[in-house]
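# Architecture and fold: a report
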Amino acid sequence: MRFVKTYWLEMLMVIPLFAYIIGFTLLPILTNIKESFIDQRFGRRYDILVSKIADITYDIEHAHESEEKRDYEKELAETSLALERLQHSPYAGLSLNNYRKLFTDRSFIKAIFNTLAITLLGLSLQLVVAMSIALLLSQPFHGKGFFRVCPTFYT
């Protein structure tokens, strides 16, 4: 408790940073992970059924004949039943289908290998250049201090 009394202002000033990190980094990452497990076919079917119900409801309100109205009501009942079945299906939309589709796609696998190759090549070149510069700067030469980052480490 003494810590809180001593550093209350510092902790108060860090709260906006934590809110920023949680709101703009952590939440989007977690949301994307959750969305990656939702089968896109479920979402499309759900959207289609909901819009169909809205259209049928509009048609019922504007139907002129009672027989036409009965046909629309029958179609509305069928569509509502299909929507309810979809919503109560086990793991409604949660699956690994997105990942299965992704990892069987040749272009994705090729992109992974290309990314790994470019990364390894780039890191190797950076290591060679950095070590060369470090070895060059370890040798005594005139004007060496100009290239040093921290002049307190002269030898």
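Located above this text is the structure these notes cover.
Because the structure is predicted, anything quoted here is derived from the model rather than measured.

## As for the overall build of the chain
Along the backbone of the chain there are 7 helices and 0 strands. Start at the N end of the chain and walk to the C end: the helices and strands fall as α-α-α-α-α-α-α. Computed over C-alpha atoms, the radius of gyration of the chain comes to 31 Å, more than 25% over the 15 Å expected from 2.2 N^0.38 for 155 residues, which places it beyond the range of a compact globule. Its C-alpha atoms give the chain principal-axis dimensions of about 100 × 55 × 30 Å. Taking all 155 residues of the chain together, 9% fall into the buried category. Considering only contacts in the chain between residues 6 or more positions apart, those separated by 24 or more positions represent 53%. Put simply, the chain shows about 13500 Å² of open surface, and 68% of that area lies on carbon and sulfur atoms. Of the side chains in the chain, 17 bear a positive and 16 a negative charge, and the two mean positions are spaced by 21 Å.

## As for the pattern of salt bridges
Counted according to the given criterion, the structure contains 2 salt bridges. Between E35 and K34 there is a salt bridge; the shortest N-O distance is 3.8 Å. For the salt bridge of K52 with E75, the shortest nitrogen-to-oxygen distance reads 4.0 Å. Residue K52 is found in helix α3 (residues 40–61), and its partner E75 is found in helix α4 (residues 66–87); the two are separated by 23 residues along the sequence. Look at E75 and you get partly exposed, because its relative accessible area is 29%.

## Structural notes on the packing of aromatic side chains
Under the counting rule described, the total for this entry stands at 4 aromatic pairs. Between F3 and Y7, the aromatic rings sit 5.0 Å apart at their centres with planes inclined by 45°, giving tilted as the arrangement. Take F3: its relative accessible area is 53%, and that puts it in the exposed class. Ring centres 5.4 Å apart and planes at 50° place the aromatic pair F37 and Y99 in the tilted group. Of the two residues, F37 is situated in the loop between α2 (8–36) and α3 and Y99 in helix α5 (residues 97–103); the sequence distance between them amounts to 62 residues. Residue class for F37 comes out partly exposed when judged on its relative accessible area of 33%.

## Notes on α2
Relative to the 42 Å expected for 29 residues at 1.5 Å per residue, α2 spans 40 Å between its end C-alpha atoms, a close match to the ideal helical length. The largest bend along α2 reaches roughly 35° and is located at I22.

## A look at α4
An ideal rise of 1.5 Å per residue puts 32 Å on 22 residues; α4 measures up with 31 Å between its terminal C-alpha atoms. Among all positions in α4, only T79, L83 and L86 are buried. Around the axis of α4, the buried residues are gathered within 55° of arc, so they sit on the same side. Along α4, the residues that are exposed and aim more than 90 degrees away from the buried face are E67, R70, K74 and R85.

## Some words on the side chain of T79
Here T79 shows up in helix α4. Overall, the relative accessible area of 4% leaves T79 in the buried class. In this structure T79 touches L49, K52, I53 and I56, once residues within four positions along its chain are discounted.

What counts and what doesn't
Residues numbered from 1 in each chain as written. Predicted model: local features only at pLDDT ≥ 70, side-chain atom pairs only at ≥ 80, totals over all residues. Heavy atoms only, no water. Helix = DSSP H or I, 4+ residues; strand = E, 2+ residues; numbered from the N terminus. Rg over C-alpha atoms; globule rule 2.2 N^0.38 Å. Buried < 20%, exposed > 50% of the residue type's maximum accessible area, 1.4 Å probe, protein only. Contact = heavy atoms within 4.5 Å. Areas by Shrake-Rupley, 256 points an atom, 1.4 Å probe, with all protein chains shown as cover. Lys, Arg positive; Asp, Glu negative; His and termini not counted. Charge placed at Lys NZ, Arg CZ, Asp CG, Glu CD. Salt bridge = Lys/Arg side-chain N within 4 Å of Asp/Glu carboxyl O. Phe/Tyr/Trp six-rings, centres within 6.5 Å; stacked < 30°, edge-to-face > 60°. Expected span 1.5 Å × (residues − 1). Bend = angle between axes of the 7 residues up to and from the residue. Arc of directions from axis to C-beta.

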